[in-house]
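Inside the fold
The chain contents come next:
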Amino acid sequence: MNGETHIKPGILPSGATTPIPGVVIEPTPSLPVPVEALSLPSASRRAVRWGIALGASLGLLISGVIVIDAALWLADLFDRSVWLGGVGALLIGGVSVALAGFIGGEYRNLMRLRSAQSIREQGYHLSQASNRFEGRGFMNDLVRLTANSRTGRLLCEQYRDAIADTHDDREAMQLFERIVLRPLDEAAQAAVRRAARDTAIGASVSPIAGIDALIVLWRSLRMVREVAEVYGLRPTRLSVLALIRRMFLTATFAVTADVVGDVLGAHLGGRLAGLVSGKLAEGVFAGVRTARLGLLAIEQCRPLPFTDDDRPNLRQLVSQSLGSLLQSPGQQAP
Amino acid sequence: MWSRQRPARKLFNILDDSSVSPTGVTLLSPSTDDFGQKVLTLADRAASSIATGARLLAERALRRKLRVAVTGLSRAGKTVFLTALLHNLHLAARLKEGQTGHLPFFDPVAKGGLEDVTLRPLADLPAFPFLPNLDRLLEPSPEFPPSTTGLSGFGAALRYRPQGLLGRQLVDTTTVDVEIIDYPGEWLLDLSMLEQSFEEWSTAMLLLSHTGPRASLSGAWREISPDAPASEDALEAARVSYTAYLHVCRQPPLSLSFLQPGRFLRPGDDGVDLSAFRFCPLSPAGGDVRTGTMAAAMRDRFERYKREFVRPFYEDVFSGFDRQLVLVDVVGALNAGPQSFDDMRLALNAVLRSFERDGEGLLARLFRSRTDKVLFAATKADHVTANQFHNLRLLLRAMMADDAGRLPVGGVETEFAALSAVKCTANKRVLYQGQQITVLEGTIKNHGAPEQLFPGEIPEHLPTPEDWTSERFRFYDFQPPSLDRDRERGIPHIHLDKALQFLVGDLFW
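Cut-offs and rules
- Residues numbered from 1 in each chain as written.
- Chains lettered and ligands numbered in written order.
- Predicted model: local features only at pLDDT ≥ 70, side-chain atom pairs only at ≥ 80, totals over all residues.
- Heavy atoms only, no water.
- Pairing = 2+ DSSP bridges.
- Helix = DSSP H or I, 4+ residues; strand = E, 2+ residues; numbered from the N terminus.
- Axes fitted to C-alpha atoms, helices over the stretch in contact; angles between N-to-C directions.
- Contact = heavy atoms within 4.5 Å.
- Salt bridge = Lys/Arg side-chain N within 4 Å of Asp/Glu carboxyl O.
- Polar contact = N/O pair within 3.5 Å; in protein donor to acceptor, adjacent residues only side chain to side chain.
- Buried < 20%, exposed > 50% of the residue type's maximum accessible area, 1.4 Å probe, protein only.
- Core = buried A, V, L, I, M, F, W, Y, C linked by side-chain atoms within 4.5 Å.
- Arc of directions from axis to C-beta.

1. As for the sheet that holds strand 4 (residues 174-184) of chain B
All names here are of chain B. The strand order 2-3-4-1-5-6-7 describes an open sheet built from 7 strands, whose pairing is mixed. Of all strands in the sheet, those bounded by a partner on one side alone are strand 2 (114-120) and strand 7 (413-418). Along the sheet, successive strands turn relative to each other by an average axial angle of 20 degrees, direction set aside. Note that strand 1 (residues 64-72) and strand 4 share 9 bridges and pair parallel.

This is how it looks when you write it as structure tokens:
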């Protein structure tokens, strides 16, 4: 801005300027062309599968060799003396624990790199910056990330149409929220609602205590995966676990009011004990827990932080998904 | 569909419960299932018709009406604004799946609730020439529509699906009738005349006419003696001469804005009786004003003008506006030079008095105004690069505020904006003489081919004397872009949707 002051206002002679592509104002953020993009996933998926197959088989081979070697060595030691074998086993155990810790740490770093965290922070700063036009590059990244899914791509194309060169960074972010994120939020919340309902039903009908825990675990993992997919994160199994771990970390800091009692109270009032069996209550608790987990997953996967007025509400989510569950037995009971 | 069925079902459940409740069934018929079934069907029908009736009633009761006035001194771009606004609104409800219109910041469009927009002329006002204006903009070689001269309006009925929790429970769709009225901003200049006598007004106007660029203008009206005998012909000659003087003041090169009485320039409809306009500023008569002289006759006409034109406008028209948009050609004022700029500030201060609703404001003392939101907008924002919008807004605010930076608009929510009803230029980031700058690309009026230009910067405060001498302000007018390609999506603009959201957005719950 300061450098511009000594250029005299007026018509510039033709050919005197060189366009700077994509630096500041890029009215059409470069998106994968629809045709190209439609053919891309199958190709890339095949490549990814071979890569995974190669990596997995190599890893299996190496770890198999190491495990067999170590087992043979241990057996050898035990043959000589039980004490020697015990020491060897301790050593190997120590090494494997350290290895696991190391891999976990590495993986966390990897996840942190891949995470939407940095994008969220940058997004937050941009959403505060009115009258600035420096965020188009970032918006391009954001669009590229979100356009991974089919719905995401359609929405991003709408976004590309709606944004004009006269929108400043803040407006660009607001438009992204309105056009792209709002529908995605709804899809993610629908996934959470489904999962909450499934776990609630599963936990309340399962005959054995162990099984409902398994149901909850399996369904929650699937939910987190679905939520991540909605926001274009393409999660692998391991990254879902890492995501869940990070969600728990944030959960310890986040002040989330416990609404379980609230929701139950609102729906059933003082008749709770008389109306629902202990099993159903267990199921509802499991559903509420899943819903809360889902909200944490949404917060972690969403590329931009929520503003206060569009943050999803646990109570609403729970009553939407579990309300019918609570109502129907209550009405049929008498 | 979901929301339509739910209350009906609830209602049905209630009736259902009562008809199958043990006592009810025993009383009616203890044995025949057939009869019970009939009762059920009847109850079902009654419930659904009651539900439908309640829904219709709720829809009718919740229909809202809002008058939005768009005003501005001449050349501010009222006509183009109205045309673009109506057209974009009309198309917003007709977008195809996956298509994005030009109003993403207008909530009913953004949240996907807008079902239909019906445009129609208003019953009590002349119709705004929307379609002819639109045709001119959509032609292969488009032109800006000619400006309107009087009061006109157009209605837009926006039917939408409520997105809020409460609204969804009450109705499926509901309608907001937005009546958009266009009136000349010049009419607002006359408010202060209401508290002036003819002598006071004459003195003020004569003083003004002897200062600045006005002093250079001659006119037969300056020669009129207050003691001369009055005749209709002499009075008419005075009106014609004074009106001509005002017109010269308004035209370039003077481009002045504070021109009283504003109605002389924009009398309104063709059929207006101009006999009440037969007065002009008159130097005070020495001694008493005798009947039969020009001074006496003009004083009568002055009072009649106030009684027949100024008061009725505020009482019947202005008081009915719920929201107002005041368009100001800030860019044009900068182009026209310091004297024109200062004169526009005078005019804007006079305009602002019409929006004072609190306490000692003249308007508050004389009339009751319904206007609770006013948006002041600097038009022609496409004449500058996008990074100057912020300064454009600040400058507009500085122009309207008094010297201490205060805005005397108590009791009204105000906001400032930079907008352009038709976006004629594109912003491009280029390298020029070793510097990265943002330039405008567009076809300058009468130039024929698109060019790039560096429009310079808008000061964020009132320009200093050095700003005026350094040839800093030279903003070009542009040719409207050809809209053929974009016909289905509407007219590209700058911040039209945000203005709409501010003015009427709060009605869509």
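2. Let's talk about the interface of chain A and chain B
Where the parts come together, the accessible area they lose is often given as the size of the interface. The partner chain B presents 42 residues to the 35 residues of chain A that form the contact. Summed over the shared surface of chain A and chain B, the number is 3 salt bridges. Across the salt bridge formed by Asp 107 of chain B and Arg 178 of chain A, the nearest N and O atoms sit 2.5 Å from each other. Along the contact surface separating chain A from chain B lie 11 residue pairs in polar contact (both at pLDDT 80 or more). Secondary-structure elements contributing two or more residues to the side of chain A that touches chain B are strand 1 (10-11), strand 2 (17-19), helix 5 (150-162) and helix 6 (169-205) of chain A. Broken down by element, the residue count for the side of chain A that touches chain B peaks at 6 residues, all from helix 6 of chain A.

3. Here's the deal with unusual backbone geometry
All names here are of chain B. Omega for the bond connecting Pro 252 with Pro 253 falls within 30 degrees of zero, at 10 degrees, which places this linkage in the cis form. The topology assignment puts Pro 253 in the loop between helix 9 (232-250) and helix 10 (294-317). Residue Gln 260 is joined to Pro 261 through a cis peptide bond whose omega torsion reads -5 degrees. Structurally, Pro 261 can be placed in the loop between helix 9 and helix 10. With phi around 55 degrees, Lys 380 is a residue other than glycine that occupies positive phi space. Structurally, the position occupied by Lys 380 is in the loop between strand 6 (373-378) and helix 14 (389-400). Classification of Lys 380 by relative accessible area gives partly exposed; the value is 23%. Although it is not a glycine, Asn 446 sits at a positive phi angle of roughly 65 degrees. For Asn 446, a relative accessible area of 73% translates into the label exposed.

4. Let's talk about the environment of Asp 484 of chain B
Residues and elements named next belong to chain B. In this fold, Asp 484 is placed in the loop between helix 15 (465-469) and helix 16 (496-504). Residue class for Asp 484 comes out partly exposed when judged on its relative accessible area of 42%. Along the primary structure Asp 484 and Pro 140 are separated by 344 residues, whereas in three dimensions their C-alpha atoms are 6.7 Å apart.

5. What about the nonpolar core?
Residue and element names in this part refer to chain B. Core analysis: the largest hydrophobic core is formed by 92 residues, its most contacted members being Met 298 and Phe 355. If you tally residues by element for this core, the top one is helix 10, at 11 residues. Dropping the residues within four chain positions of it, Phe 355 is found in contact with Tyr 183, Leu 188, Phe 318, Gln 324, Val 326, Val 374, Phe 376, Val 409, Gly 410 and Val 412. Core analysis: the next-biggest nonpolar cluster, separate from the first, contains 55 residues, Leu 85, Phe 106, Ala 417 and Ile 444 among them.

6. Overview of helix 6 (residues 130-138) of chain B
All names here are of chain B. Phe 130, Asn 133, Leu 134, Leu 137 and Leu 138 are the residues of helix 6 that are buried. Down the axis of helix 6, the smallest arc covering the buried residues is 130 degrees, so these residues share one side. Where helix 6 is buried, its residues touch helix 4 (78-92), strand 2 and strand 3 (152-160).

7. Thoughts on the sheet that holds strand 10 (residues 451-454) of chain B
The strand order across the open sheet formed by 5 strands is 1(A)-10(B)-9(B)-8(B)-2(A), and the pairing between neighbours is antiparallel. With partners counted over all chains shown, the strands left at the sheet margins are strand 1 and strand 2 of chain A, one partner each. Of the pairings in the sheet, the one linking strand 2 of chain A to strand 8 (residues 426-432) of chain B comprises 3 bridges and is antiparallel in character. If you follow Thr 17 of chain A over to strand 8 of chain B, its bridge partner there is Tyr 432 of chain B.

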